[in-house]
Amino acid sequence: MILSNETIELRSYLIEKDNSELKNIYLKWISNTATIELINSFSLYLKPDINFINESFIRFTSAECQGFFIYHKELDQYLGTVKLDKIDLYRRSAEIGIMIGESSEYGKKIGTQSINLLLAYGFDALGLNRIWGGTSEYNYPMINLFKSLSFREEGRFKSANYIAGEYSDNIYFCLLRDERGITHGTN
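Residues numbered from 1 in each chain as written. Predicted model: local features only at pLDDT ≥ 70, side-chain atom pairs only at ≥ 80, totals over all residues. Heavy atoms only, no water.

K.L.:
Before we go on, may I ask you to explain the overall build of the chain in this structure?
P.N.:
Across its full length, the chain carries five helices and eight strands. Along the chain, helices (α) and strands (β) appear in the sequence β-β-α-α-α-β-β-β-α-β-α-β-β when read from the amino end. Of all 187 residues assigned to the chain, the portion counted as buried reaches 46%. When contacts within the chain are restricted to residue pairs at least 6 apart in sequence, those whose partners lie at least 24 apart make up 60%. Of the accessible surface of the chain, which amounts to about 10,100 Å², a share of 50% is contributed by carbon and sulfur atoms. (Helix = DSSP H or I, 4+ residues; strand = E, 2+ residues; numbered from the N terminus. Buried < 20%, exposed > 50% of the residue type's maximum accessible area, 1.4 Å probe, protein only. Contact = heavy atoms within 4.5 Å. Areas by Shrake-Rupley, 256 points an atom, 1.4 Å probe, with all protein chains shown as cover.)

K.L.:
Any chance you could explain the pattern of salt bridges here in plain terms?
P.N.:
Pairing between side chains of opposite charge can happen when their charged atoms approach one another. Overall, the coordinates contain 16 salt bridges when judged by the stated rule. The closest approach of N and O atoms between Glu105 and Lys108, which form a salt bridge, is 3.6 Å. Take Glu105: its relative accessible area is 9%, and that puts it in the buried class. With relative accessibility at 46%, the residue Lys108 sits in the partly exposed group. Taking the shortest distance from any N to any O, the salt bridge between Arg180 and Asp124 comes out at 3.1 Å. One end of the pair, Arg180, is in the segment after strand E8 (166-176); the other, Asp124, is in helix H4 (residues 110-125), and 56 residues separate them in sequence. Asp124 sits in the exposed class, given a relative accessible area of 52%. (Salt bridge = Lys/Arg side-chain N within 4 Å of Asp/Glu carboxyl O.)

K.L.:
What is the right way to look at the nonpolar core in this model?
P.N.:
The tendency in soluble globular proteins is for nonpolar side chains to be buried as a group. In terms of nonpolar packing, the biggest core is built from 31 residues, with Leu10, Leu84, Ile96, Leu118 and Phe151 touching the most fellow members. Looking at this core, the elements that each hand over two or more residues are strand E2 (8-12), strand E3 (66-72), strand E4 (77-88), strand E5 (93-100), H4, helix H5 (140-148) and E8. With seven residues, the single largest contributor to this core is H4. Leu27, Ile30, Tyr71 and Met99 belong to the second largest nonpolar core, which has 15 residues in total. (Core = buried A, V, L, I, M, F, W, Y, C linked by side-chain atoms within 4.5 Å.)

K.L.:
Would you mind showing me how to read the sheet that holds E8 here?
P.N.:
Adjacent strands of a sheet form backbone hydrogen bonds with each other and so pair up, either parallel or antiparallel. Taken together, eight strands build an open sheet; the order of strands is E1-E2-E3-E4-E5-E6-E8-E7 and the sheet is mixed. A single partner strand is all that each edge strand has here, and the edge strands are strand E1 (2-4) and strand E7 (152-163). Neighbouring strand axes in the sheet, compared pairwise and without regard to direction, differ in orientation by 25° on average. Pairing analysis gives three bridges linking E5 to strand E6 (residues 130-136), with the strands arranged parallel. (Pairing = 2+ DSSP bridges. Axes fitted to C-alpha atoms, helices over the stretch in contact; angles between N-to-C directions.)

K.L.:
Looking at this structure, how should I read unusual backbone geometry?
P.N.:
A negative phi holds for most residues other than glycine; trans holds for most peptide bonds. Here the phi dihedral of Lys109 falls at roughly 70°; this positive angle occurs in a residue that is not glycine. Mapped onto the elements of the fold, Lys109 is located in the loop between E5 and H4. Note on Lys109: relative accessible area 57%, which makes it exposed.

K.L.:
Honestly, the side chain of Ser12 in this entry has me stumped. Any pointers?
P.N.:
Positionally, Ser12 belongs in strand E2. Owing to a relative accessible area of 10%, Ser12 belongs among the buried residues under this scheme. Beyond its immediate stretch of four places on either side in the chain, Ser12 contacts Met1, Gly67 and Phe68.

K.L.:
What am I meant to see in helix H1 (residues 20-30) here?
P.N.:
Every α-helix carries 3.6 residues per turn, so stepping three or four residues along brings you back to the same face. Here H1 has its buried residues at Leu22, Lys23, Tyr26, Leu27, Trp29 and Ile30. Angularly, the buried residues of H1 cover 160° about the axis, an arc narrow enough to put them on a single face. Turned more than 90 degrees off the buried face of H1, the exposed positions are Ser20 and Glu21. A distance of 3.3 Å separates the backbone nitrogen of Glu21 from a side-chain oxygen at the start of H1, and that oxygen is part of Asn19. (Arc of directions from axis to C-beta. Polar contact = N/O pair within 3.5 Å; in protein donor to acceptor, adjacent residues only side chain to side chain.)

Right under this line is the structure:
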C-alpha cells in the first residue's frame, strides 16, 4: 500500500520487505543515538542488527501495526518511518508514531505531511475514532507536531522516561475523528 501527496509517499513495510538497501538505511537510522534518543525505546539501545530489522518488518506488517517508510519523491530518498500501532478495530483506536531518520530533513514539514496522510488513512480507511501518541516532555518537535495537528494533551506519566541520565515526563496526546482540524489553543 502507498499513501501519497505531491511531495511524499508512505510506502508500506510490506511493499519494501525485500529491499535490502532500505533495510540497511533503516539500520543506520536506528543506530544513530541522536535520532533515537527522544524516542526512548529501550530495544533501540541494544545495538540493533539486521535480525532486529527483519523482526521489525514482521511486527510492522501485523494486524495490530501498520508501518510505512517515508519516501520523498523529488529527492528520491527515504527519510524515516511512520506507523499506526496497537490498532484496535473493536475500540476504533490506534497509537501513532514517527521517526525522521535523515537529520537534513528536520524542520521541513515532512513529519506534518506524513502524519496527515496517516491520520486520513486511520480515520477514513480504517474507520478509527481515536488516534493517540506519546512523547518525552523534552521532545519539543513532536509536541509541536501534535499540537499543530489539533491533538490535545490527554495526560502525562511523571518521570516515566530516562533519557541521557535524566528523568522526564511522558506526555500523551489524542485526536478524535470529529476534532480533526479544530484548534484547541493551549491547555
